[in-house]
Amino acid sequence: MGEIVFTEKQEALVKESWEILKQDIPKYSLHFFSQILEIAPAAKNMFSFLRDTDEVPHNNPKLKAHAVKVFKM
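The structure displayed is predicted, hence computed values, not measured ones.

Conventions and cut-offs
- Residues numbered from 1 in each chain as written.
- Predicted model: local features only at pLDDT ≥ 70, side-chain atom pairs only at ≥ 80, totals over all residues.
- Heavy atoms only, no water.
- Salt bridge = Lys/Arg side-chain N within 4 Å of Asp/Glu carboxyl O.
- Helix = DSSP H or I, 4+ residues; strand = E, 2+ residues; numbered from the N terminus.
- Buried < 20%, exposed > 50% of the residue type's maximum accessible area, 1.4 Å probe, protein only.
- Arc of directions from axis to C-beta.
- Contact = heavy atoms within 4.5 Å.
- Polar contact = N/O pair within 3.5 Å; in protein donor to acceptor, adjacent residues only side chain to side chain.
- Phe/Tyr/Trp six-rings, centres within 6.5 Å; stacked < 30°, edge-to-face > 60°.
- Patch = residues over 30% accessible without salt bridge, like charges linked within 9 Å, V, L, I, M, F, W, Y side chains within 5 Å.
- Areas by Shrake-Rupley, 256 points an atom, 1.4 Å probe, with all protein chains shown as cover.

K.L.:
Describe the pattern of salt bridges, and please don't skip the residues or the numbers.
P.N.:
Scanning the entire structure with this criterion turns up two salt bridges. One salt bridge connects Lys-15 with Glu-11, and the closest N-O pair in it is separated by 3.2 Å. Residue Lys-15 and its partner Glu-11 are located together in helix H1 (residues 8-22), separated by four residues, close to a single helical turn. Between Lys-22 and Glu-19 there is a salt bridge whose closest N-O contact spans 3.0 Å. Here Glu-19 and Lys-22 lie together in helix H1, a separation of three residues that amounts to about one turn. Overall, the relative accessible area of 48% leaves Lys-22 in the partly exposed class.

In structure tokens, the structure reads:
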């Protein structure tokens, strides 16, 4: 697989997007993970804290904490 190269415009768009995301990391990070779990419900099994629950993932405090931690990396 070759190296991925962004144009200056693409790089600027990525940076702008992250600036928007940083304004409300808890909201956007949880939305991101919730979307993944909605699109691919089997992904729930990848998270030990979601495996044995029928709870709606966006109400799960452990998912919220995980999402924020990932986005702040």
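K.L.:
Describe in detail helix H3 (residues 61-71), supporting the description with residues and values.
P.N.:
Of all the residues in H3, the buried ones are Leu-63, Ala-67, Val-68 and Phe-71. The buried residues of H3 all sit within an arc of 130 degrees when viewed along its axis, so they share a single face. With respect to the buried face of H3, the exposed residues turned more than 90 degrees away are Pro-61, Lys-62 and Lys-69. Buried positions along H3 lie against H1 and helix H2 (25-39). The N-capping residue of H3, defined by a side-chain oxygen 2.8 Å from the backbone nitrogen of Lys-62, is Asn-60.

K.L.:
I'd like to hear about the packing of aromatic side chains, residue by residue, with values.
P.N.:
Under the criterion given, the structure shown has five aromatic pairs. Seen from their ring centres, Phe-32 and Phe-33 are 5.4 Å apart, and the 85 degrees between their planes marks the pair as edge-to-face. You can call Phe-33 buried: its relative accessible area is 7%.

K.L.:
Hey, could you go over a nonpolar patch on the surface for me, with residue numbers and the actual values?
P.N.:
On the surface, Ile-4, Phe-6, Val-14 and Trp-18 cluster together into a nonpolar patch covering about 420 Å² of accessible area. Topologically, Phe-6 is positioned in the segment before H1.

K.L.:
Give a detailed account of the side chain of Asn-60, specifying residues and quantitative values.
P.N.:
Position of Asn-60 relative to the elements: it lies in the loop between H2 and H3. A polar contact of 2.8 Å, which involves the side chain of Asn-60, links it to the backbone nitrogen of Lys-62. Leave out the neighbours within four places in its chain, and Asn-60 touches Phe-49, Leu-50 and Glu-55.

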